[in-house]
Amino acid sequence: MTSSAAPAGRRYAVIGAGIVGAAVARALTQRHPGCQVTILEKETGPAEHQSGRNSGVVHAGLYYQPGSAKARLVRRGIRMLQQYCQERDLPYVECGKVLIARNERDLDRLKDIEARATANGVSKVRLIDHDELRTIEPHAAGIAALHSPTTAIVDYPAVTRELLQDTVDAGGRVHTGVTVTGFDQQRSSEVVIKGLHDGTEADLGAFDHVVVCAGLHADTLAVLAGHDPFPRIVPFRGEFAALVPHRRALVNGLIYPVPDPRYPFLGVHLTPRVDGEVFIGPNAVLATAREGYRRRDVDLGALRTLVGWRGFRRFARQNWRAGLREMYGSASRRAFVRGARHYVPELTVRDVTAAPAGIRAQAMNADGSLVDDFRTSRRDRIFVVRNAPSPAATASLAIADDILAELDEGPRD
Ligand SMILES: Cc1cc2nc3c(=O)[nH]c(=O)nc-3n(C[C@H](O)[C@H](O)[C@H](O)COP(=O)(O)OP(=O)(O)OC[C@H]3O[C@@H](n4cnc5c(N)ncnc54)[C@H](O)[C@@H]3O)c2cc1C
């Protein structure tokens with residue numbers, strides 16, 4: 001990594017200690033030795049939200065539109081992440097992945113995905129028939145599959161902690177338990193960050209540049225920074241179940257359905273984890289609170305605002321069938337398991353126990369369409385990551401490099 005001409009002593013604030021914020025902070029300390037980097041995080045520790053509540057998959061780049069930021073950054077991000085895990089002795093397990101076709105229509109889609117994977121430079125991906133599928137996954141059912149042997153699993157919270165440790169070792173500071181509530185930009189030469197510390201209003205410091213990596217709260221902070229209110233964040237809960245220990249052998253690697261191309265979610269899959277557990281999920285249910293990990297968590301005010309927004313109502317009108325299906329799967333464990341049983345028919349409801357849910361920060365445009373690609377916005381001294389859904393954990397180190405390249409271009413409107 002080369003160091004650039006940013007003046008020593010330049011003050012950077014990074015809001016959010018998820019994997020994207022941690023990667024940005026570390027990249028700043030590495031690329032601009034002598035700069036001051038402060039991470040502001042509202043929770044008591046890192047990776048409490050998306051970065052600590054996900055599937056743990058290093059996505060190979062099968063699905064993404066060639067030429068998109070996702071396609072570009074995921075490929076670079078994988079190489080960087082693999083090398084980082086090797087250097088730090090963090091687990092990186094190439095367990096491989098099969099996307100299973102249940103019928104001819106799925107098979108046509110698999111061929112499209114194979115073409116995308118090739119265009120995105122993913123190596124060793126190929127279509128396999130039923131017999132070969134059974135040699136790789138003896139308990140799986142399907143007429144054919146796409147096999148990606150290099151798809152891997154990692155421990156994203158451990159990676160996040162390591163990135164933060166690097167930042168601290170290089171002189172950066174991590175302030176947890178501070179919630180950013182506003183920006184004072186009256187002086188053109190700096191931004192003063194306002195926030196709550198121990199429940200008390202406080203100035204959290206003055207900075208030359210601010211990078212907001214706030215996940216589920218990206219739009220709120222973007223508006224406080226004077227950026228466009230759209231895209232807005234709509235939270236989608238992803239619920240998981242875990243296989244009971246004596247049934248984990250049903251799965252060797254990652255088993256995925258063929259995704260519905262109308263949605264950015266990948267469908268309920270079976271996911272081995274680096275600690276030996278096997279998760280089933282996640283589904284995609286509209287969350288009734290941004291950090292509403294339990295079904296009973298409801299933020300009535302936020303829900304009213306969402307339902308009152310024309311863009312969301314349009315989205316809901318167009319997707320009510322899929323929404324109902326997901327809600328049914330959420331309410332009934334039997335229905336949830338039935339989804340996975342299409343691919344592993346031996347699974348029964350007795351094979352699973354509850355597992356913690358995650359919530360995706362999914363950006364939605366003013367017209368109710370979902371933002372598929374990564375998106376950022378920038379104005380003057382404040383840069384905001386507006387949409388960093390999956391595979392942003394996989395791509396986090398490359399995303400950080402891209403953000404730094406943009407910051408180094410200097411302020412723009
Ligand atoms: C169910 C699920 C499964 C997924 N599976 C995968 C996968 O297998 N592979 C993959 O690559 N990606 C996956 N993802 C996506 C991945 O987890 C995210 O893209 C990634 O974690 C985003 O990181 P982040 O740092 O942007 O956000 P987060 O991890 O959400 O971090 C944002 C941080 O900002 C803090 N914050 C917010 N507001 C404030 C404020 N006002 N003041 C101070 N701090 C604030 C939050 O507390 C939080 O710590 C999945 C996501 C989910 C939810």
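Since the model is a prediction, treat every value here as computed from it, not as a measurement.

Some words on the overall build of the protein chain
If you tally the helices and strands in the protein chain, you get 10 helices and 21 strands. The C-alpha atoms of the protein chain give 21 Å as radius of gyration, which agrees with the globular expectation for 413 residues (22 Å, within 12%). Sorting the 413 residues of the protein chain into buried and exposed places 53% on the buried side. Long-range contacts, defined as pairs at least 24 residues apart, comprise 73% of the intrachain contacts of the protein chain with a sequence gap of at least 6. Split by element, the accessible area of the protein chain, about 18100 Å² in all, is 49% carbon and sulfur. In the protein chain, 54 side chains carry a positive charge and 47 a negative one; their mean positions are 6 Å apart.

Some points on the pattern of salt bridges
Applying the stated criterion across every chain yields a total of 20 salt bridges. Ionic pairing is found between Lys42 and Glu291, a salt bridge with its closest N-O pair at 2.7 Å. In this pair, Lys42 is assigned in the loop between strand E2 (36-41) and strand E3 (57-58) and Glu291 in the loop between strand E18 (285-286) and helix H7 (300-308), connecting sequence segments 249 residues apart. Here Lys42 falls in the partly exposed class, since its relative accessible area comes to 29%.

A closer look at the site of the ligand
Around the ligand, the surrounding shell holds 39 residues, and the nearest of these are Glu41, Ser51, Val57, Ala388 and Thr394. In the model, an oxygen atom of the ligand is placed 3.3 Å from a nitrogen or oxygen of the Ile19 main chain. Note that an oxygen atom of the ligand is positioned 2.5 Å from one of the side-chain N or O atoms of Ser51. Burial of the ligand by the protein chains amounts to 97% of its free accessible area of 1000 Å².

Topic: the domain arrangement of the protein chain
One frequently used descriptor of interface size is the decrease in accessible area upon assembly of the parts. Here the domain parsing of the protein chain yields domain 1 (1-94 + 153-231 + 371-413) and domain 2 (95-152 + 234-364). One C-alpha centre belongs to domain 1, the other to domain 2; they are set 27 Å apart. A buried area of about 3400 Å², summed over both sides, lies between domain 1 and domain 2, and 55% of it is on carbon and sulfur atoms. Between domain 1 and domain 2 we count 2 salt bridges in total. Here Asp219 and Arg290 are joined by a salt bridge, their closest N and O atoms 2.6 Å apart. Our count for the domain 1 to domain 2 interface comes out at 20 residue pairs in polar contact (both at pLDDT 80 or more).

Quick word on the sheet that holds strand E13 (residues 209-212)
Spatially, the 6 strands line up as an open sheet ordered E9-E2-E1-E13-E21-E20, and their pairing is mixed. Two strands bound the open sheet, and with one partner strand each, they are strand E9 (173-176) and strand E20 (375-379). Neighbour-to-neighbour, the strand axes of this sheet turn through a mean angle of 15°, independent of strand direction. Pairing of E13 with strand E21 (residues 382-387), which is carried by 3 bridges, proceeds in the parallel orientation. Pairing of Val210 across the sheet is with Ile382, part of E21. Helix H10 (residues 392-408) contacts strand E1 (11-15), E13, E20 and E21 of the sheet and is inclined by roughly 145° relative to E21.

Considerations on the packing of aromatic side chains
Per the stated rule, a full pass over the model turns up 5 aromatic pairs. Between Tyr63 and Tyr64, the aromatic rings sit 6.0 Å apart at their centres with planes inclined by 65°, giving edge-to-face as the arrangement. Looking at Tyr63, the relative accessible area reads 11%, which means it is buried. Residue Tyr64 is classed as buried on the basis of its relative accessible area, which comes to 7%. Each ring, one from Phe240 and one from Phe279, has its centre 5.4 Å from the other, and the planes form 45°; the classification is tilted.

What to know about the environment of Ala388
Inspection of the secondary structure assignment puts Ala388 in the loop between E21 and H10. As for Ala388 and Val244, which are separated by 144 residues in sequence, their C-alpha atoms are 32 Å apart. Every residue in contact with Ala388, bar those within four places of it in the chain, is listed here: Gln50 and Phe374.

Considering unusual backbone geometry
Glycine aside, a negative phi is what most residues show, and trans is what most peptide bonds show. Of note, the bond from Phe230 into Pro231 is cis; its omega dihedral lies within 30 degrees of zero at 0°. Cis geometry is adopted by the peptide bond preceding Pro391, which originates at Ser390 and carries an omega value of 10°. Within the fold, Pro391 resides in the loop between E21 and H10. Unusually for a residue other than glycine, Asp89 sits at a positive phi of about 60°.

Considerations on the sheet that holds strand E12 (residues 200-207)
Taken in spatial order, the 3 strands make up an open sheet running E10-E11-E12, and their pairing is antiparallel. Only two strands of the sheet have a single neighbouring strand rather than two, namely strand E10 (178-184) and E12. Across the sheet, the mean angle from the axis of one strand to that of its neighbour is 30°, orientation sign disregarded. In terms of strand pairing, E10 meets strand E11 (residues 191-197) through 6 bridges, oriented antiparallel. Among the inter-strand pairings, Val178 is bridged to a residue of E11, identified as His197.

Here's the deal with the environment of Val223
The residue Val223 is located in helix H6 (residues 218-224) in this model. Its relative accessible area of 45% is what places Val223 among the partly exposed residues. Sequence-wise, Val223 and Gly339 are 116 residues apart; in three dimensions their C-alpha atoms are separated by 39 Å.

Some remarks on helix H3 (residues 104-119)
Helix length check: H3 (16 residues) gives 23 Å between terminal C-alpha atoms against 22 Å at 1.5 Å per residue, within 8%. All buried positions along H3 are accounted for by Asp106, Leu107, Leu110, Ile113 and Ala117. An end-on view of H3 places all buried positions within 115° of arc, on one side of the element. Every exposed residue of H3 that faces more than 90 degrees away from the buried side is listed here: Glu104, Arg105, Asp112, Thr118 and Ala119. For H3, the secondary structure elements touched by its buried residues are strand E5 (97-101), strand E6 (126-129) and strand E7 (144-148). You can read the cap of H3 off the contacts: a side-chain oxygen lies 3.3 Å from the backbone nitrogen of Arg105, and it is on Asn103.

Reading the values: the criteria
Residues numbered from 1 in each chain as written. Predicted model: local features only at pLDDT ≥ 70, side-chain atom pairs only at ≥ 80, totals over all residues. Heavy atoms only, no water. Helix = DSSP H or I, 4+ residues; strand = E, 2+ residues; numbered from the N terminus. Rg over C-alpha atoms; globule rule 2.2 N^0.38 Å. Buried < 20%, exposed > 50% of the residue type's maximum accessible area, 1.4 Å probe, protein only. Contact = heavy atoms within 4.5 Å. Areas by Shrake-Rupley, 256 points an atom, 1.4 Å probe, with all protein chains shown as cover. Lys, Arg positive; Asp, Glu negative; His and termini not counted. Charge placed at Lys NZ, Arg CZ, Asp CG, Glu CD. Salt bridge = Lys/Arg side-chain N within 4 Å of Asp/Glu carboxyl O. Near = heavy atom within 4 Å. Polar contact = N/O pair within 3.5 Å; in protein donor to acceptor, adjacent residues only side chain to side chain. Domains from an automatic or database assignment. Buried area = accessible area lost by both parts, 1.4 Å probe. Pairing = 2+ DSSP bridges. Axes fitted to C-alpha atoms, helices over the stretch in contact; angles between N-to-C directions. Phe/Tyr/Trp six-rings, centres within 6.5 Å; stacked < 30°, edge-to-face > 60°. Expected span 1.5 Å × (residues − 1). Arc of directions from axis to C-beta.

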